[in-house]
Amino acid sequence: MSFTRPAGIALMLAMLGAPLAARAEMPTFQIVAENGRFTPETVTVPANTRFRIEVTNRNAGPEEFETSNPLKELVVAPGVTRSTVFPPLQPGSYPFFGEFHKDTAKGQIVAK
Ligand SMILES: [Cu+2]
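Residues numbered from 1 in each chain as written. Predicted model: local features only at pLDDT ≥ 70, side-chain atom pairs only at ≥ 80, totals over all residues. Heavy atoms only, no water.

A. Molecular detail of the coordination of the copper ion. Protein-derived ligands of the copper ion are Glu64 (OE), Glu66 (OE), Glu73 (OE) and Glu99 (OE), with the metal-ligand distances lying across 1.9 to 2.3 Å. Taken together, the 4 donor atoms surrounding the copper ion define angles of 70 to 143° at the centre, an arrangement classified as irregular. For the copper ion, all donor residues lie on one chain, and their spacing in sequence is E-x1-E-x6-E-x25-E. The class of Glu64 is buried, set by a relative accessible area of 9%. (Donors = N, O, S within 2.8 Å, 3.2 Å for Na, K, Ca; no water. Tetrahedral: all angles 85-135°; square planar, octahedral: opposite > 155°, others 65-115°. Buried < 20%, exposed > 50% of the residue type's maximum accessible area, 1.4 Å probe, protein only.)

Right, here's the structure in full:
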């Protein structure tokens, strides 16, 4: 199959645009790491839906946002915001913790 030049460009733009649209529509949830804790400590997300967790670190040092099921590790330098995308989760609760403040930085993602 061959395309005229304008059609080819339009097709390329459409292909580039699709992931951008998916990114914009993905549910995103903010978590702040501060004073060795996460806020909020319970994050409710839609079940069976990919979503993004965005972690802002306001601690003086680095923090690592971590879940063991599914396995996710996100190291965040102080003053930085980083995000990670979770796969669709079955309804249930999924603990997370801060690797560098294990005693205090604890929470859970609740999928419903
Ligand atoms: Cu870790």
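Let us keep going from here.
B. Structural context of the sheet that holds strand β7 (residues 81-86). The 4 strands lie next to each other as β2-β1-β4-β7, forming an open sheet whose pairing is mixed. Bordering the open sheet on either side are β2 (37-39) and β7, each of which pairs with just one other strand. Geometrically, the sheet is characterised by an average inter-axis angle of 25° between neighbouring strands, direction not taken into account. As defined by bridge partners, strand β4 (residues 51-57) adjoins β7 across 6 bridges and the pair is classed as antiparallel. (Pairing = 2+ DSSP bridges. Helix = DSSP H or I, 4+ residues; strand = E, 2+ residues; numbered from the N terminus. Axes fitted to C-alpha atoms, helices over the stretch in contact; angles between N-to-C directions.)

C. Main features of the pairing of strand β8 (residues 92-98). In terms of strand pairing, strand β5 (residues 63-68) meets β8 through 3 bridges, oriented antiparallel. Note that in β8 the partner of Phe65 across the bridge is Gly98. Where β8 lies against strand β9 (residues 106-111), 6 bridges are found, and the strand directions are antiparallel. Bridging from a neighbouring strand, Phe96 pairs with Gly107 of β9.

D. Layout of the packing of aromatic side chains. Across all of its chains, the model carries 5 aromatic pairs by this definition. Between Phe38 and Phe96 the ring centres are 5.4 Å apart and the planes differ by 75°, which places this aromatic pair in the edge-to-face class. In this pair, Phe38 is assigned in strand β2 and Phe96 in strand β8, connecting sequence segments 58 residues apart. Since its relative accessible area comes to 2%, Phe96 is described here as buried. Grouped by ring-pair contacts, the aromatic residues Phe29, Phe51 and Phe86 constitute a single cluster. Taking the ring centre of Phe86 as reference, the NZ or CZ of Lys72 above it sits at 5.7 Å. (Phe/Tyr/Trp six-rings, centres within 6.5 Å; stacked < 30°, edge-to-face > 60°. Lys NZ or Arg CZ within 6 Å of the ring centre and 35° of its normal.)

E. Looking closely at the environment of Pro95. Mapped onto the fold, Pro95 is located in strand β8. Pro95 sits 11 residues away from Lys106 along the chain, and the two C-alpha atoms are 7.4 Å apart. Apart from residues no more than four positions distant in its own chain, Pro95 is found in contact with Glu66, Thr67, Gly107 and Gln108. (Contact = heavy atoms within 4.5 Å.)

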